[in-house]
Structure formats: C-alpha cells, structure tokens
Amino acid sequence: MSMKKLYPYVGWLLLAVALLVLAPAVLSDFRLGLLAKYCCYAIAAVGIGLAWGRGGMLVLGQGLYFGIGAYAMAMHLKLADAGPGGVPDFMALYGDAAVPGWWEPLRSGALAVVVILVLPALVAGLLGLAVFKRRIKGAYFAILSQALAAAFAILLVGQVKTTGGANGLNNFQGFFGYALFDPANKRMLYFLAAGILLVSILAMAWLYRTRFGELLVAARDGEERVRFLGTDPANVKLTAYVIAAVLASIGGALFVPIAGIVSPDDVGVVASIGLLAGVALGGRASLLGPAVGALLVGYAETSLSEAFPGSWSYFQGALFVLVILLLPGGLAQLLGLVKGLVSRRSRAEASEEAETRVGEEVTA
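Criteria and cut-off values
Residues numbered from 1 in each chain as written. Predicted model: local features only at pLDDT ≥ 70, side-chain atom pairs only at ≥ 80, totals over all residues. Heavy atoms only, no water. Helix = DSSP H or I, 4+ residues; strand = E, 2+ residues; numbered from the N terminus. Contact = heavy atoms within 4.5 Å. Salt bridge = Lys/Arg side-chain N within 4 Å of Asp/Glu carboxyl O. Buried < 20%, exposed > 50% of the residue type's maximum accessible area, 1.4 Å probe, protein only.

1. What to know about the environment of Ile258
Topologically, Ile258 is positioned in helix α11 (residues 233-259). A sequence separation of 69 residues divides Ile258 from Leu189, and the C-alpha atoms of the two residues are 6.7 Å apart. Not counting residues up to four positions away in its chain, the partners in contact with Ile258 are Gly33, Ala36, Lys37, Cys40, Lys186, Leu189 and Ala193.

See the structure below:
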C-alpha cells in the first residue's frame, strides 16, 4: 500500500491514541464528559461527511435524526427509571399520569435500540425516495431537510405532556442497569462513544474504497453520466443519506446518557448547522476531517463560552468564517498543503543530489 493511502490510517491511529489513551489519562472526569459529548457530535459528523463530502448532498437537517435517536433513548431511560408499569415524573407533573401507548414499547431496552437504528433509516428512506427519485437536489434539498428539523423541534416544544416541551427530558438515573451518577460508569460511556466514533471512521474508510464509494463520488460529479451507464444515482444517494441518518441517530442516542438531558434546542436548526459547521471546518471531503472538525467545534464552543459568556458565539462565528475563507477545504486542506511542501522539498533535494552526482562523474 502506498504512503498516500496509508496517511488516513496513520491519522486514525493517532486519533485513537489521543481518545483512548491520552484523554483519559490527562483530563478530569468533567472534561472527559465534555469530550464524550463531542464524540457524539463527531459520530453524526462522520455521516454528514459521507452524504455531503462524498455525495454532494447539503444535509442541513441532521438534527432531525440526531433527535430521533436522542428522544428514543431518553424515553427508554425515563421508563426504566420509573420501573415496570411506572410513569415518568414529568408526566405526573404536566399530564394525567398516564403513559401514552406509543411510549410503552420503549420500556424494552432491546426494542429501544432497534428503534434507534431502524426508525431514522425508515424516515430517511421515505424522504430520500420522495426527493432523489424526483431529482430534487442543491438548495431545494437543503431547505427541505432544514425545514423538517425545524418542524420536528416545534413539534417537540408543543407536546409538553409527552416530550417535556421546551424543557425536554432530563434527570436520568440509569443506563441499561448502570447508575449514571457513578464516575466509573461515566468513563465507560466515554469509552463507548469514542469507540463507536473510531469504528464509524474505519467503516467509512472501507466504504469509500468500495464500488459504492466510487459511484457516490461519480453521482456527485456527473449524475447524468452515471445514469447513462446504467446505474440510478438516486439509489446511490439514498443509501448514503440513510447511512448518515443512522449515524446521526446513534450519536443522539449516546448523547442522552452522557449529557443527562435532551431538549428541542439539541435537535433543531441551530444544532443541525452546528454539526455542518464542524464538518466544513475539518474538511468535508476527507476521512478524518468531519470527526476532527466536530471535536474542535465542540471544544471551541465550550472554551469560548467559558472565557466570553456574553459574546462567545461571535468569536466562534468569526473563527469559522476565517477558516472557510482561508481554507475552503477545511483543516484537511492545510494538511494537504504541508504534505505538498514536504514533497516538493524532497524532490528538490533529490534533484540537487542527482545534479551533484552528475557533476562529480563529469569531473572524474
């Protein structure tokens, strides 16, 4: 395997060492919990990298799928805390102390996991069929996906008795039998999120090298040519969009026990744009860029909000604009520039050595 093909795997190994070895060794439990949240965002960002970076689909509404996974997990945790036949605390406060019928199946942890994986795939599949088969793309698709995320957030706010409204769902006590207030279990959740992030990146590395990955890039760059060659690009885009939706849902499901809360603010338009910003910052077309960008955006948001409580969002926006203006390809472009400089320097040194040897031979 050439060095060019090895670079992403070397980067993945460095990221794995940083997440699994260095971070747990040097960070406090509080900071490690924050990094776990960033890993949840990064899992969703990996899917956006597939759909947007490789497929050219500007997915402005991934908060919808992040929210499906998050609320499915939150509903299960609230029912598990209430016990068999019990009623979640907020329903006794806001409603008639009765669990809705569509909540009941989520008492089962296994079924909750199935819902987290299958429901976003079904929603994305139905939406993708309606959109891609009609050859809707570009700004129209972006606006549609963003509108769905906004509608989902508004729906959650309006259903106070069943979703907690604007306050969301919170105060979770356990996670599949593990007490969430135990620091050891918190660290376990961090390793779970970091491990799933690393596995998802490896899965993308494999997927990019398959025929499907090549078709996805071809559909992005020349949709009509792909159709002329006998492959329906709508099916290729649909598959990528479904995979991105499932990854976003997994990230949302992990986010809930780690953060201890989920609300409409975590799944709406602003949250969706935040995920997209991380992908753009890291480099949407690269393998590691979306994940690294999401981690950096999460860290920047926390650091700036602590240093500038009243104006941190302006600094974050300015940082994002500067990076996009100077590095349209994201931070991955900077790495490419460095590798290019090193390569040119190596070629120049080799050329000088060759000229020196020729000179010595002529002199001799």
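2. A short note on the pattern of salt bridges
In the structure shown here, the tally under the stated rule is nine salt bridges. Two residues, Lys78 and Asp89, come together in a salt bridge whose shortest N-O distance is 3.0 Å. You can see Lys78 sitting in helix α3 (residues 63-82) and its partner Asp89 sitting in helix α4 (residues 89-94), a full eleven residues away along the chain. Put simply, Lys237 and Glu223 hold a salt bridge, and the shortest N to O gap is 2.9 Å.

3. Some words on unusual backbone geometry
Positive phi values are uncommon outside glycine, yet Arg135 reaches one of about 60°. Along the chain, Arg135 falls in the loop between α5 (109-132) and α6 (139-158). Classification of Arg135 by relative accessible area gives partly exposed; the value is 48%. Its identity as a non-glycine residue notwithstanding, Phe176 has a phi of 50°, on the positive side. Within the element layout of this structure, Phe176 appears in the loop between β2 (174-175) and β3 (178-179).

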